[in-house]
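# Structure at a glance
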Protein chains: 2
Amino acid sequence: MTTKGYELTEAEWEIIQVVWAHEPCAAPTVQEELEDRRQWTYSTVKTLMDRMVAKGLLTTERIRNLILYRSAVTQKQARKGEVARMLTRAFGGALTPMMQFLLESHTLSDAELAGLESMIRKKRRRERGRGE
Amino acid sequence: MTTKGYELTEAEWEIIQVVWAHEPCAAPTVQEELEDRRQWTYSTVKTLMDRMVAKGLLTTERIRNLILYRSAVTQKQARKGEVARMLTRAFGGALTPMMQFLLESHTLSDAELAGLESMIRKKRRRERGRGE
DNA sequence: TTGCGATCTTTACAGTTGTAGAGTAGTCTC
DNA sequence: GAGACTACTCTACAACTGTAAAGATCGCAA
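Everything in this summary refers to the structure shown in the same document. (Residues numbered from 1 in each chain as written. Chains lettered and ligands numbered in written order. Predicted model: local features only at pLDDT ≥ 70, side-chain atom pairs only at ≥ 80, totals over all residues. Heavy atoms only, no water.)

Bringing the packing of aromatic side chains into the picture now. Residue and element names in this part refer to chain A. Counted by the stated rule, this structure contains four aromatic pairs over all chains. Between the aromatic rings of Trp13 and Trp20, the centroid separation amounts to 6.0 Å while the plane-to-plane angle is 75°, which identifies the pairing as edge-to-face. In this structure, Trp13 and Trp20 share a single accessibility class: buried. (Phe/Tyr/Trp six-rings, centres within 6.5 Å; stacked < 30°, edge-to-face > 60°. Buried < 20%, exposed > 50% of the residue type's maximum accessible area, 1.4 Å probe, protein only.)

Pasting the structure below:
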């Protein structure tokens, strides 16, 4: 259930982001879509994508002479992996100290803080609602 | 002021953690300290540490025939880098959605939630106190 | 049928990361 | 002063990551 921890590299994040948005899509599409952010040639993108298939991050389906890619991990899974990595490395896996750190070291407007507060309160109400 | 973004690798985190705790310390100390967690030989640890010096993550001072290492980045800086990396990769750099994700996807006890809530409230009071 | 454009395949290469063996040098002890 | 320790230096190597050129293919238009 713990949706095993996927760890994507920088380039992989860049690519899977586009795939999520255009799924199913071909390599040239991804390359064009990323053209502004990274100056990657078609070759580069294609190589990266094929490696991601090998790793189980994407899947392919060949239709005639075109290869369509789909994501094999959801955004949620990928995010979870990223957060977990950061948490274990930098905070010994403990969430609360991390939150504390964020609050201390990032400049949040009062509006943002208020948003968070209400988010938490809502969550607590919900939790309490279903016991526990 | 934005304490430039340091990005440490897994192994580097492991090592700098020990250095922070024993600073200033010699390579063999670090190796011994990590013996249980990672089965790294002295060679491995030393190589890693020297690379960290080259990268500016640690500094050295030679005393007679012993080399003492010190951290060149604080825990706060390292944490900040790690959080920033995760934020940009997985959340387009936006903090609030990240917080939201954490609240949704991690199971926090009511006590933890309460802790967070009060942390935020305290922060808001403080901020309001000094205007802004 | 012939060349052209779009796409895919193969191969490569440099830099980083994890891992460590082998050899060298200073120090302590008998 | 010779061996045993301890710590250091040098070198290596495989996997992974970013990056891409060169060549092979296939369908279409002239």
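In this section: helix H6 (residues 110-129) of chain A. The terminal C-alpha atoms of H6(A) lie 28 Å apart, and with 20 residues this matches the ideal 28 Å at 1.5 Å per residue to within 8%. Along H6(A), the residues that are buried comprise Leu113(A), Leu116(A), Glu117(A), Met119(A), Ile120(A), Lys123(A), Arg124(A) and Glu127(A). Buried positions in H6(A), seen along its axis, are confined to an arc of 160° and lie on one side of it. Across H6(A) from its buried face, at more than 90 degrees, point the exposed residues Ala111(A) and Gly129(A). Looking at the packing, one finds that the buried side of H6(A) touches helix H5 (95-105) of chain A together with helix H5 (95-105) and helix H6 (110-129) of chain B. (Helix = DSSP H or I, 4+ residues; strand = E, 2+ residues; numbered from the N terminus. Expected span 1.5 Å × (residues − 1). Arc of directions from axis to C-beta. Contact = heavy atoms within 4.5 Å.)

Next up on the list: the pattern of salt bridges. Enumeration according to the criterion identifies 30 salt bridges over all chains in this entry. For Arg38(A), the salt bridge is made with Glu14(A), and the minimal N-O distance between the two is 2.7 Å. Of this pair, Arg38(A) sits in the loop between helix H2 (27-34) and helix H3 (42-54) while Glu14(A) sits in helix H1 (residues 10-22), and the two are 24 residues apart along the sequence. Measuring nitrogen to oxygen at the nearest pair gives 3.9 Å for the salt bridge that ties Arg128(A) to Asp110(B). Residue Arg128(A) is found in helix H6, and its partner Asp110(B) is found in helix H6; the two belong to separate chains. A relative accessible area of 24% means that Asp110(B) is categorised as partly exposed. Counted as one network, the salt bridges with shared partners bring together Asp110(A), Glu117(A), Arg121(A), Arg124(A), Arg128(A), Asp110(B), Glu117(B), Arg121(B), Arg124(B) and Arg128(B). (Salt bridge = Lys/Arg side-chain N within 4 Å of Asp/Glu carboxyl O.)

This next bit is on the relation of the copies chain B and chain A. Once chain B is rotated about the relating axis by 180° and shifted along it by 0.0 Å, it coincides with chain A to within an RMSD of 0.1 Å. In short, the pair behaves as if placed about a two-fold rotation axis. Closest to the rotation axis within chain B is the C-alpha of Glu117(B), separated from it by 3.0 Å. Same-surface contact between copies: 100% of interface residues of chain B are shared with the interface of chain A. (Least-squares fit on C-alpha atoms with pLDDT ≥ 70 in both.)

Here we come to the pairing of strand E2 (residues 58-63) of chain B. Residue and element names in this part refer to chain B. Both E2 and strand E3 (residues 66-71) contribute to a ladder of six bridges, which runs antiparallel. Within E3, the position partnered with Ile63 by the bridge is Leu66. Hairpin geometry of E2 and E3 is characterised by an intervening segment of two residues between the two adjacent antiparallel strands and by a positive phi of about 55° at Arg64. (Pairing = 2+ DSSP bridges.)

Bringing the interface of chain B and chain A into the picture now. Taken residue by residue, the interface counts 40 residues in chain B and 41 residues in chain A. Carbon and sulfur atoms supply 66% of the area that chain B and chain A bury against each other, a total of about 4,500 Å² over both sides. The tally of links between chain B and chain A comes to 12 salt bridges. The salt bridge involving Glu117(A) is made with Arg124(B); its shortest N-O contact spans 2.9 Å. Seen at the junction of chain B and chain A, the total is 14 residue pairs in polar contact (both at pLDDT 80 or more). (Buried area = accessible area lost by both parts, 1.4 Å probe. Polar contact = N/O pair within 3.5 Å; in protein donor to acceptor, adjacent residues only side chain to side chain.)

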